[in-house]
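Commentary on secondary and tertiary structure
In case you want the letters, here they are:
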Amino acid sequence: MDVTEANERCESVLDAIGNAVIADREFLETVLLGVMAGGHALLEDVPGTGKTLTARSFASALGLSFSRVQFTPDLLPADVTGTHVFNEQDRTFEFNEGPIFANVVLADEINRAPPKTQAALLEAMEEGQVTVDGDTHELPKPFFVIATQNPVEQEGTFPLPEAQVDRFAVKSSIGYPDVEGEYELLRRRAGRSAQSPSVGTVLDQQLVTDLREVPEEVRVDDDLLEYMANVARETREDRRVQVGVSPRGTQRLFEAARAYAAMCGREFVTPDDVKRVAQPVLAHRVVLTPDAQVNNVDKSAIVDRVLDDVPVPTVE
């Protein structure tokens, strides 16, 4: 698959999902960016804005298997990964797969579960496998986690540890629709009998696999590599930042920039691509100092400041 076909496939997926989910096109692009970059997406917003519908719609449009895990305070790691069950007939233990064994896994309200259960996702997200009772089990490919979380100010939430937040390639927020969007939501509901809209299948498992390989062929010039490294390093120099973007975050910025170029049908990355993906890729990786948290400093403002201060390479 070349970048032209990748662009067409991506547009068809976004069009299909846009017919079901009332959201900005940029938000849907960001979630798809996580798929294209071979990473995972974290969606944060108040309940009822369409996060779960978005995840389910992506699974349907991509033609992939889907599983939903509702994270609750009493959820155990084995409830996610699976466990061994004794077979009385064969007198042996058999592995009973958990809900994480799907192509697209919706970790719903992930920050309502205790840290031990949240950590059960780490190996799966990073390695594409789970280890249960010493046995390693490969997850289906492609494997993509869409996690949703409620704002940390709400009751019953456990803040995600930095190590887990860093595993998400992108983080975004769907937000409330405007008046026209909310009117359109009601108009669509009046035109169907089902409570939730459905999305048709656009791709299949093999096409998604091929699609995720396209960014590997996208060219990134050396001056852009230096620019991305400088952007990441500059986040560590801000006095309001306790922990800046990690080297893993720098690599995710590189991968996301290539993925976005492929989504746009280009065989090369531009500085604008880097700027477009910087917010969803970098902002959630920044850890603020206690003073900055008290002063309600916005992480996105720090990324904006970095993008303004770091010199942009000139495209010749």
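Note: the structure precedes this text.
Note that the coordinates shown come from a computational prediction; the quantities given were computed from them, not determined experimentally.

Along the backbone of the chain there are 13 helices and eleven strands. Scaling as 2.2 N^0.38, a compact globule of 316 residues should have a C-alpha radius of gyration of about 20 Å, and the chain matches this with 20 Å. Principal-axis analysis of the C-alpha atoms gives the chain an extent of 70 × 45 × 40 Å. Buried positions account for 49% of the 316 residues belonging to the chain.

Of note, T289 is situated in the loop between strand 11 (287-288) and helix 12 (290-294). Each residue touching T289, except ones within four places of it in the same chain, is listed here: R239, R240, V241 and Q242.

It is worth spelling out helix 5 (residues 115-127) at this point. The α-helix winds at 3.6 residues per turn, so residues separated by three or four positions along the chain end up facing the same way. Between its first and last C-alpha atoms helix 5 spans 19 Å; for 13 residues at 1.5 Å apiece the expected length is 18 Å, and the two agree. Buried residues along helix 5 sit against helix 4 (77-81), strand 5 (104-108), strand 6 (129-132), strand 8 (144-149) and helix 6 (162-165).

As a further point, take a negative patch on the surface. Together, D24, E26, D178, E180 and E182 make up a negatively charged patch on the protein surface. When you line up the elements, D24 lands in the loop between helix 1 (3-18) and helix 2 (25-36).

What follows deals with the environment of L225. Take L225: it is sitting in helix 9 (residues 222-235). Take L225: its relative accessible area is 37%, and that puts it in the partly exposed class.

Sheet topology note: the strand 3 (residues 82-87)/strand 4 (residues 92-97) ladder contains six bridges and is antiparallel. Directly across from G82, in strand 4, lies its bridge partner E97. Linking strand 3 to strand 4, which pair antiparallel, is a turn of four residues; within it R91 sits at a positive phi near 60 degrees.

We now examine the sheet that holds strand 5. Strands sit in the order 2-5-8-1-9 across an open sheet of five strands; the sheet is parallel. The open sheet is flanked by strand 2 (66-70) and strand 9 (170-172), the only strands paired with a single partner. Recorded for the sheet is a direction-independent mean angle of 15 degrees between the axes of neighbouring strands. By the bridge criterion, four bridges tie strand 1 (residues 41-44) to strand 8 in an arrangement that is parallel. The residue bridging A41 from the neighbouring strand is I146, located in strand 8.

Attention shifts here to helix 1. Helix length check: helix 1 (16 residues) gives 22 Å between terminal C-alpha atoms against 22 Å at 1.5 Å per residue, within 8%. Inspection of helix 1 places V3, A6, C10, V13, L14, A16 and I17 among the buried residues, and these make up the whole buried set. Here the buried residues of helix 1 occupy an arc of 160 degrees about the axis, which is enough to place them on one side. Buried residues along helix 1 sit against helix 2, helix 3 (51-62), helix 8 (205-213) and helix 10 (247-263).

Criteria and thresholds
- Residues numbered from 1 in each chain as written.
- Predicted model: local features only at pLDDT ≥ 70, side-chain atom pairs only at ≥ 80, totals over all residues.
- Heavy atoms only, no water.
- Helix = DSSP H or I, 4+ residues; strand = E, 2+ residues; numbered from the N terminus.
- Rg over C-alpha atoms; globule rule 2.2 N^0.38 Å.
- Buried < 20%, exposed > 50% of the residue type's maximum accessible area, 1.4 Å probe, protein only.
- Contact = heavy atoms within 4.5 Å.
- Expected span 1.5 Å × (residues − 1).
- Patch = residues over 30% accessible without salt bridge, like charges linked within 9 Å, V, L, I, M, F, W, Y side chains within 5 Å.
- Areas by Shrake-Rupley, 256 points an atom, 1.4 Å probe, with all protein chains shown as cover.
- Salt bridge = Lys/Arg side-chain N within 4 Å of Asp/Glu carboxyl O.
- Lys, Arg positive; Asp, Glu negative; His and termini not counted.
- Charge placed at Lys NZ, Arg CZ, Asp CG, Glu CD.
- Pairing = 2+ DSSP bridges.
- Axes fitted to C-alpha atoms, helices over the stretch in contact; angles between N-to-C directions.
- Arc of directions from axis to C-beta.

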